[in-house]
Amino acid sequence: QVQLVESGGGLVQTGGSLSLACAASGRSFRYYDMGWYRQAPGKQRELVASIHSRNVTNYVDSVKVRFTISRDNAKNSVYLQMHSLKPEDTAVYYCAIHVVLLRARLSDVGYWGQGTQVTVSA
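Predicted model, so just to flag it, every value in this text is computed and none were measured.

The rules we used
- Within every chain, residues take consecutive numbers counted from 1 along the sequence as written.
- Reporting of local features is limited, given that this is a predicted model, to residues whose pLDDT is at least 70; pairs of side-chain atoms are given and counted only at 80 or more, and all residues count toward the totals for whole chains, interfaces and linings.
- Heavy atoms from the whole structure form the basis of all side-chain values; hydrogens and water molecules are not counted.
- Strands here mean DSSP runs of E at least two residues long; helices mean DSSP runs of H or I at least four residues long; both are numbered from the N terminus.
- Burial status follows relative accessibility: with a 1.4 Å probe on protein chains alone, a residue under 20% of its type maximum counts as buried, one over 50% as exposed, and anything between as partly exposed.
- Ring geometry is summarised as follows: Phe, Tyr and Trp rings, the Trp one being its six-membered ring, pair when their centres sit within 6.5 Å, and such pairs are stacked at plane angles under 30 degrees, edge-to-face over 60 and tilted between the two.
- Only lysine NZ and arginine CZ atoms are considered, and such an atom sits over a ring when it is within 6 Å of the ring centre and within 35 degrees of the ring normal.
- What counts as a salt bridge is simple: a side-chain nitrogen of Lys or Arg found within 4 Å of a carboxyl oxygen of Asp or Glu.
- Working definition: a disulfide is two cysteine sulfur atoms within 2.5 Å of each other.
- In this analysis, strands are considered paired if DSSP registers two or more bridges between them.
- Contacts are assigned to residue pairs with any non-hydrogen atoms lying within 4.5 Å of each other.

Please clarify how unusual backbone geometry should be interpreted in this entry.
For residues that are not glycine, phi is negative in most cases, and the peptide bond is trans in most cases. For N76, which is not glycine, the phi torsion reads 55 degrees and is therefore positive. Its place among the elements puts N76 in the loop between β7 (67–72) and β8 (77–82). A positive phi angle, close to 50 degrees, is found at S84, a residue other than glycine. With respect to the element layout, S84 can be found in the loop between β8 and β9 (91–98). Overall, S84 belongs to the partly exposed group, its relative accessible area being 40%.

How do you make sense of the packing of aromatic side chains when you look at a structure like this?
The relation between two aromatic rings is expressed through the spacing of the ring centres and the mutual angle of the planes. Considering all chains together, one arrives at four aromatic pairs under this definition. It is R45 that lies over the ring of Y94; its NZ or CZ is 3.7 Å from the centre. Geometry around W112 places R45 over its ring, the cationic atom sitting 4.5 Å from the centre.

What am I meant to see in the pattern of salt bridges here?
Pairing of side chains with opposite charge becomes possible as their charged atoms draw close. Applying the stated criterion across every chain yields a total of six salt bridges. Between D89 and R66 there is a salt bridge, and its shortest N-O distance comes to 2.7 Å. Taken together, the residues span a long stretch of sequence, with D89 in the loop between β8 and β9 and R66 in the loop between β6 (57–59) and β7 at a distance of 23 residues. Classification of R66 as buried rests on a relative accessible area of 10%. Shared partners join several salt bridges into a network, and the residues in it are R38, E46, R66 and D89.

Teacher, can you tell me more about the state of the cysteines here?
Where two cysteines share a covalent bond between their sulfur atoms, that bond is called a disulfide. If you walk through the whole model with that rule in mind, you get one disulfide. Residue C22 pairs covalently with C95 via a disulfide, S to S 1.9 Å. Disulfide C22 to C95: torsion about the S-S bond roughly 50 degrees, handedness right-handed. In this pair, C22 is assigned in strand β3 (residues 18–25) and C95 in strand β9, connecting sequence segments 73 residues apart.

Is there a simple way to think about the pairing of strand β5 (residues 46–51) in this case?
Looking along a regular strand, one sees side chains alternate from face to face of the sheet. Bridge count for strand β4 (residues 33–39) against β5 is five bridges, and the pairing is antiparallel. Looking at β5, one finds that G35 is bridged to S50. Between the end of β5 and the start of β6, which pair antiparallel, lie five residues, with N55 showing a positive phi angle near 70 degrees.

Explain the environment of G10 here, please?
Note on placement: G10 falls in strand β2 (residues 10–13). Spatially, the C-alpha atom of G10 lies 6.1 Å from that of Q117, the residues being 107 residues apart in sequence. With sequence-adjacent residues up to four places away left out, G10 is seen in contact with L18, Q117, V118 and T119.

Any functional reading would require information beyond the geometric quantities listed.
Structural data, given as structure tokens:
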């Protein structure tokens, strides 16, 4: 069955960088929108960034310029490069596969990773 496994989370100082990776298995998602979500304690899960099969990207305003989403279809993977990290970025980050083509919203997610913790110290 489909599995998404995240890696790369950890503790970083304010202003630092961190790279997340998500490897999917079970089927190819090269034609699907992939994305990263995050959820802080007591907060709703929110879309951080998405990327469709032709590499068009979208970002939540708070991470634009600082974060970069990319994908490697040969590896069935999606990545999130995070720079200039802030304490507000602290959350569990989840990779996701959107089952509605050309649309990347929380309600469109069909597959979730288990999450990786990102903590940014002040």
